[in-house]
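# A closer look at the structure
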Amino acid sequence: MPATFAGQTVILAFFDACGWQHASESAYRALRAELRGLGAVLVIVSHDGIWSFRPDDDLELCVGRDEIDTAQWDALRGRYGVRPGVPSFFIIDGESVLRGSHQLPTHAPPSIDSLVTALSAAGRAVVREFSVSRRELVLSSLLAVFAVALVNACAGRANDVGPGPQVPSAGGGASGTELDVTLNVNGEARHLRIEPRVSLLDALRERCGLTGTKKGCDHGQCGACTVLIDGRRVHACLTLAVMARGKITTIEGLARGEQLHPMQAAFVECDGLQCGYCTPGQIMSAIGLLGEGHAKSDDEVREEMSGNICRCGAYSNIVSAIQLARGRSA
């Protein structure tokens, strides 16, 4: 399988029409959540063209309507029992094995909501029910390779096809093109080869193995992913790794051996944590806050730390920890 989809689940959907560019942002968020859960990329085959959709990218037109070989697609539909007017999709895992198939109700036009519902049910069924015969394995391999090769072949012709509809995106940017990037993380040069759309958060967690920086909302609203770049507080989930210039400091870079950073020690002493999930982001934000000189009163601390959410509600102890660290540093 081409490297673009290597190891990824491909959901190949046959619809008479795509027409989802006017869907709500919440519908796209739900679809992205299902695709992330399956580790999948969606490939849509319709009379409007052939589209690809990744969890962190826009809906992208890969083949225009005028470029579709109707006879070829009719033959492909027939091979897999896809009847005209019946929305259907196939789940093909990263090893090109058919893991499930589903037909959507025909009483209403296919929508993102109906696809999300079907994917959720199909995803559960894949884990516990679906078995694959040798014939299905061969056919699904052909189907997956054909679809992936087609999308990859058309990726370089985006300028000829023209831009697709504008869809709310969590990541944006081009996919498939990798760049060599060097990040200065905790005083160490990290040489990575990543796609331009990869966030600093994903680069730190998945490429550098620094999982102390947490992924909470992934929308810059909870503060769990806060890191410092040249001492400035930054949401790593909203920062592209290729744009992260300067000295990046994560929670792993604070302690010196067994000696905790003063802010870490203050959080421990004041019991400024409960479950601990938000704590790395709280500590990094608190260090940045002291560097900004905005912690002169409890109210000011609460205001300046309002971007860091603690689901457990340890806010009073967090304020105490910050004031303790400020007093000691003074």
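What you are looking at is a predicted structure, and each value in this text was computed from that prediction instead of being measured. (Residues numbered from 1 in each chain as written. Predicted model: local features only at pLDDT ≥ 70, side-chain atom pairs only at ≥ 80, totals over all residues. Heavy atoms only, no water.)

### As for the sheet that holds strand β11 (residues 247–249)
The five strands lie next to each other as β8-β7-β11-β9-β10, forming an open sheet whose pairing is mixed. In this open sheet, the two edge strands, each paired with only one partner strand, are β8 (188–194) and β10 (232–235). Going from strand to strand, the sheet's axes swing by 40° on average, the running direction of each strand aside. In the sheet, strand β7 (residues 179–185) pairs with β8 via seven bridges, with the strands oriented antiparallel. Bridged to N184 within β8 is A189. Its contacts with the sheet put helix α6 (residues 200–207) on β7, β8, β9 (226–229) and β11, and the angle it makes with β8 is roughly 105°. Most of the contacts of helix α8 (residues 279–292) go to β9, to which it runs at about 40°, and overall it touches β9, β10 and β11. (Pairing = 2+ DSSP bridges. Helix = DSSP H or I, 4+ residues; strand = E, 2+ residues; numbered from the N terminus. Axes fitted to C-alpha atoms, helices over the stretch in contact; angles between N-to-C directions. Contact = heavy atoms within 4.5 Å.)

### With respect to the confidence of the model for the protein chain
Per-chain confidence: the protein chain averages 76 in pLDDT, with 65% of residues scoring 70 or above. Segment residues 124–175 is flagged for pLDDT under 50; beyond a separation of four residues in sequence, or across chains, it makes 92 contacts in the model. (pLDDT = per-residue confidence, 0-100.)

### A few points about the side chain of S199
Tracing the backbone shows S199 in the loop between β8 and α6. At a separation of 3.1 Å, a polar atom in the side chain of S199 contacts the main-chain amide nitrogen of D202. Residue contacts for S199: discarding those within four places in its chain leaves A236, C237, T239, L240 and A241. (Polar contact = N/O pair within 3.5 Å; in protein donor to acceptor, adjacent residues only side chain to side chain.)

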